[in-house]
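# Overview (structure and organization)
Read off the chains here:
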Amino acid sequence: MKKFLVTVFFFSIVGSVSAEWIWTKKASLPYGKRDRAVGFSIGGFGFIGTGMDSVNMVLNDFWKYDTLTNSWSQVASLPGMPRRDAASFVIGNFAYVGIGIADSSSFGNTLNDFYRYDPVNNHWDSIAHFQSVSGFGVYKAASTAVNGKGYVFGGRDFGYNSYECYCYDPVANSWSAIANFPWFDGRSGGVAFAMNSKCYICCGEDENYYYNDLWEFDPALNTWTQKENFPGTSRIAPVAFTINNTAFVGTGTDGGYKRDFWSYDANSNSWNYVNMFDGDARRSAVAFSIGNSAYLSCGKAATGTKKDLWRMTWHQPFAENVDAEFYSLNNFSVYPNVISRGGEIHLTGISNHQDEILEVYDIKGKLLTTISSPKEIVQLNFTSSGEYFLRLKKSSTYSLTQKILVW
């Protein structure tokens, strides 16, 4: 085995270590690899639709995912033109989808139509068109809903990023302008989520740069406040979802495809590392949460456009598709806490399965090395100091992660 040089301090009780979140592969979307789609959950089901397939054809079909049967079924297609980079949000018992662009290029028709979906009757109704100052729609906007209203933030229009933001009132069936995003060059390609009666926008780009900033919008005050930056790299096209009043942001691209996930606590205004997504690193995926689990599907990876589906859930012993032996590995750890250059990392909690691997990532989510069938003693080499992550992974279904600091 190739020898490596390392000096490591192991955080045995650091809150940012979230080895308990695991990814499990589920049934793939049955038709159409796609990216730039929308996804949402309503009534205990997940939905994915619109987007662009692997030959750059824009779509308007929709599919429903049943978590109990791990199966997909096609539902009513979105009316209007097929589109990509649309916006979606859920208010009460209805989902809302609209705007976007009706072409694979930036020269297509930018749309301003919007629709309400009734999952009980599997029916779409046209609602008030998106009303911007310019009178046109946008694409690549961030969207979410809170306190019974929907919000669309920024996006692109005619090749330029927009800083305009709008609120949809379903009772009045009308759109109204709210405070502009506090960045004159606008913002597109970011994500939005809602917690504690407020909206949040994370990441994205303007005409010059990618960003990892986080902004809070207070609808009651119609004001913006900058919060703690997303700790991953500046990027566009990540996904975001919330579980139990905690937000999760991950994947996307900073020039390379990403797979790292981080959680945000609005009460403490702090981020914690969660894990590395077990599927291919990607951008422009879709994600939604149902109960205590989240689901991620589609997107664009280095290997092409995707249609796989993965579930992220808090691990419990003897969960489905996970054998008891692997879950006895909850004591996966690294010691001693400090080792000298050229010293050895001792691992506990490995099973010596042939399909077990140890992966080493840097803080940006880049895979540095992979060791098949690791033993109890491993030697590693890091070229620079900083934070790193060791992921013990069996097959392609689940993994455990520990955080280390290289001096």
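Heads up: the structure comes first, above all this text.
To keep things clear, this report deals only with the structure shown in the data block. Everything numeric in this text was worked out from a predicted model, so none of it was measured.

### Section: the overall build of the protein
Per the secondary structure count, the protein includes one helix and 39 strands. Within the protein, the fraction of its 407 residues that count as buried is 56%. In the protein, the proportion of contacts linking residues at least 24 apart, taken out of those at least 6 apart, comes to 52%. Surface summary for the protein: the accessible area is close to 16,500 Å², and the carbon and sulfur share equals 49%.

### Some details on the packing of aromatic side chains
Tallied over the entire structure, the rule returns 40 aromatic pairs. Relative to W215, the ring of F181 lies with its centre 5.9 Å away and its plane at 70°, an arrangement referred to as edge-to-face. Here W215 lies in strand 21 (residues 210-218) and F181 lies in the loop between strand 18 (174-178) and strand 19 (191-195), a separation of 34 residues in the sequence. In this structure F181 comes out as buried when scored by relative accessible area, which is 4%. By relative accessible area, W215 is classed as buried at 9%. For the pair F193 and Y264, a centre-to-centre distance of 6.4 Å together with 55° between the ring planes defines the contact as tilted. Within this pair, whereas F193 is found in strand 19, its partner Y264 is found in strand 25 (residues 260-265), the two being separated by 71 residues in sequence. With relative accessibility at 0%, the residue Y264 sits in the buried group. Taken together, the ring pairs in this structure connect W21, W23, F241, F248, F261, F277, W310 and W314 into an aromatic cluster. The cationic tip of R116 hangs over the ring face of F94; the distance from NZ or CZ to the ring centre is 4.2 Å.

### Digging into the sheet that holds strand 24 (residues 246-250)
Across a sheet, paired strands are connected by hydrogen bonds in the backbone, their directions being either parallel or antiparallel. One open sheet holds the four strands; their spatial order is 23-24-25-26, and the pairing between them is antiparallel. What marks the edges here is a single partner per strand, and that holds for strand 23 (239-243) and strand 26 (270-276). Within the sheet, the average angular offset between the axes of one strand and its neighbour, ignoring direction, is 25°.

### Observations regarding the sheet that holds strand 10 (residues 94-98)
An order of 9-10-11-12 is seen for the four strands of this open sheet, with the pairing classed as antiparallel. If you trace the sheet from one side to the other, it starts and ends with strand 9 (87-91) and strand 12 (123-127), each paired once. Taking each pair of neighbouring strands and ignoring which way they run, the sheet shows an average axis angle of 25°.

### Regarding the pairing of strand 36 (residues 367-372)
Remember that side chains alternate between the two faces of the sheet whenever the strand is regular. Note that strand 35 (residues 356-362) and strand 36 share five bridges and pair antiparallel. Looking across to strand 36, one finds that Y361 is bridged to L367. Here strand 35 folds back onto strand 36, and the loop between the two strands holds four residues, one of which, G365, carries a positive phi near 85°.

### Topic: the state of the cysteines
Enumeration according to the criterion identifies zero disulfides in this entry. For C199, which is in no disulfide, the shortest distance to another cysteine sulfur is to C167 and amounts to 8.4 Å. Note on C199: relative accessible area 1%, which makes it buried.

### Here we look at the pairing of strand 10
Across the five residues that make up strand 10, a large majority, four, are buried. With five bridges connecting them, strand 9 and strand 10 associate as antiparallel partners. Note that in strand 10 the partner of V90 across the bridge is A95. Adjacent in sequence and paired antiparallel, strand 9 and strand 10 are bridged by two residues, among which G92 carries a positive phi angle near 60°. Pairing analysis gives four bridges linking strand 10 to strand 11 (residues 114-118), with the strands arranged antiparallel. Paired with Y96 across the strands is R116, a residue of strand 11.

### A closer look at the nonpolar core
F193, C202, V249, Y264 and W271 are the most contacted members of the largest nonpolar core, which totals 19 residues. Contributing elements (two or more residues each) for this core: strand 19, strand 20 (198-205), strand 24, strand 25 and strand 26. Residues I91, F114, F130 and W175 belong to the second largest nonpolar core, which totals 16 residues.

### Considering the side chain of D308
Position of D308 relative to the elements: it lies in the loop between strand 31 (304-305) and strand 32 (309-314). Looking at D308, the relative accessible area reads 9%, which means it is buried. A distance of 2.9 Å separates the side chain of D308 from the side chain of W310, its partner in a polar contact. Look past the residues within four positions of D308 in its chain and what remains in contact with it is K25, S28, R282, L296, S297 and C298.

### What to know about unusual backbone geometry
Phi is positive for I99, close to 50°, though the residue is something other than glycine. Residue placement: I99 occurs in the loop between strand 10 and strand 11. Taking the relative accessible area as the measure of exposure, I99 reaches 0% and is therefore buried. One non-glycine residue, N196, lies in positive phi territory at about 50°. Here N196 lies in the loop between strand 19 and strand 20.

### Things to note about the environment of G291
Note that G291 resides in the loop between strand 28 (286-290) and strand 29 (293-297). Each C-alpha atom of the pair G291 and I243 lies 7.3 Å from the other, and the pair is 48 residues apart in sequence.

### Observations regarding the side chain of D85
Examined against the element boundaries, D85 turns out to sit in the loop between strand 8 (71-75) and strand 9. Side chain to side chain, D85 and R84 meet in a polar contact 2.4 Å long. Setting aside residues up to four positions removed in sequence, D85 forms contacts with R36, G100, Y139 and K140.

The rules behind these values
Residues numbered from 1 in each chain as written. Predicted model: local features only at pLDDT ≥ 70, side-chain atom pairs only at ≥ 80, totals over all residues. Heavy atoms only, no water. Helix = DSSP H or I, 4+ residues; strand = E, 2+ residues; numbered from the N terminus. Buried < 20%, exposed > 50% of the residue type's maximum accessible area, 1.4 Å probe, protein only. Contact = heavy atoms within 4.5 Å. Areas by Shrake-Rupley, 256 points an atom, 1.4 Å probe, with all protein chains shown as cover. Phe/Tyr/Trp six-rings, centres within 6.5 Å; stacked < 30°, edge-to-face > 60°. Lys NZ or Arg CZ within 6 Å of the ring centre and 35° of its normal. Pairing = 2+ DSSP bridges. Axes fitted to C-alpha atoms, helices over the stretch in contact; angles between N-to-C directions. Disulfide = S-S within 2.5 Å. Core = buried A, V, L, I, M, F, W, Y, C linked by side-chain atoms within 4.5 Å. Polar contact = N/O pair within 3.5 Å; in protein donor to acceptor, adjacent residues only side chain to side chain.

Everything listed here is a matter of geometry and, on its own, says nothing about what the molecule does.
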